[in-house]
Amino acid sequence: MDQTTYDDHIFEKEIYADKTVRGREFQSCTFRNCDFSNSTFTGNKFLDCTFDGCNLSMIKLDQTTLNDVVFKNCKVLGVNFSKCTDFLFSVGFDNCILDYSSFMGKKMVKTKFVKSTLKEVSFSQTVLTGSVFSETDLTNAVFNRTDLSTVNFVTAFNYDIDPELNTLKKAIFSSQGLEGLLTKHQIKVV
């Protein structure tokens, strides 16, 4: 990654584990089977990019722009997305492992989480209006002062959401998922 700007470039099987990359711009790029674990990608821009089959565990994205970035079949453990630039922040996840990551304070309207695990992910103070959690495992995910208006949880599972601490106006749940809204009250739904 010697250039400062990459446009419509395909990166395949690149290994950048434990490395630092700063001040680069990636427009319409695809990253396939790359390893970015424990790397530092500070101050970069990813615009309309796709990560497929990549390991981004523990990557540092401080001051990085993620605009229309899609992650497919990726391992994204322990990533603090709250450090990314707020302006134009837009991501989507399909069949990813996002356990122990944080989206605290992010505005993520209409974000799609499909067939992913989000164990112990922090969504505190996040705006998720219109988002979809499709076949997604939310074991011990934290929802605290989170705007979940019109969010679709119909096929999501293992969530524990306190309706008194979060905005749930017009959110959609399946009848099987009601127990996840009543945990605090120790009510069992049978």
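Going by the structure above, here's the rest.
Residues numbered from 1 in each chain as written. Predicted model: local features only at pLDDT ≥ 70, side-chain atom pairs only at ≥ 80, totals over all residues. Heavy atoms only, no water.

S.K.: Explanation requested: the pairing of strand β8 (residues 69–72) in the structure shown.
M.R.: Side-chain positions along a regular strand alternate between the two faces of the sheet. With burial as the criterion, only one face of β8 is covered, namely that bearing V69 and F71; the residues V70 and K72 on the opposite face remain uncovered. With three bridges connecting them, strand β6 (residues 50–52) and β8 associate as parallel partners. Bridge pairing in β8 links T50 to V70. The sheet contact formed by β8 and strand β9 (residues 91–94) spans four bridges and is parallel. Residue pairing for β9: K72 is matched across the bridge by D94. (Buried < 20%, exposed > 50% of the residue type's maximum accessible area, 1.4 Å probe, protein only. Helix = DSSP H or I, 4+ residues; strand = E, 2+ residues; numbered from the N terminus. Pairing = 2+ DSSP bridges.)

S.K.: Hey, could you run me through the side chain of T64 in this one?
M.R.: Examined against the element boundaries, T64 turns out to sit in the loop between β6 and β7 (65–67). In this structure the side chain of T64 is engaged in a polar contact, spanning 2.4 Å, whose partner is the backbone oxygen of F41. Separated by 3.5 Å, the side chain of T64 and the backbone nitrogen of N44 make a polar contact. When residues no more than four places from it in sequence are discounted, the contact partners of T64 are F41, T42, G43, N44, F46, C84 and T85. (Polar contact = N/O pair within 3.5 Å; in protein donor to acceptor, adjacent residues only side chain to side chain. Contact = heavy atoms within 4.5 Å.)

S.K.: Any chance you could explain the nonpolar core here in plain terms?
M.R.: The tendency in soluble globular proteins is for nonpolar side chains to be buried side by side. Judged by nonpolar contacts, the single largest core of 50 residues is most densely connected at F31, F81 and F153. Contributions of two or more residues to this core are made by β8 and β9. (Core = buried A, V, L, I, M, F, W, Y, C linked by side-chain atoms within 4.5 Å.)

S.K.: What should I look at first to understand the sheet that holds β9 in this one?
M.R.: By way of backbone hydrogen bonds, the strands of a sheet pair with one another, either parallel or antiparallel. Strand order in the open sheet formed by seven strands is β2-β4-β6-β8-β9-β10-β11, and the pairing between neighbours is parallel. Every interior strand has two partners, whereas the edge strands, β2 (10–12) and β11 (132–134), have only one. In this sheet, neighbouring strand axes are inclined to one another by 10° on average, regardless of whether the strands run parallel or antiparallel. (Axes fitted to C-alpha atoms, helices over the stretch in contact; angles between N-to-C directions.)

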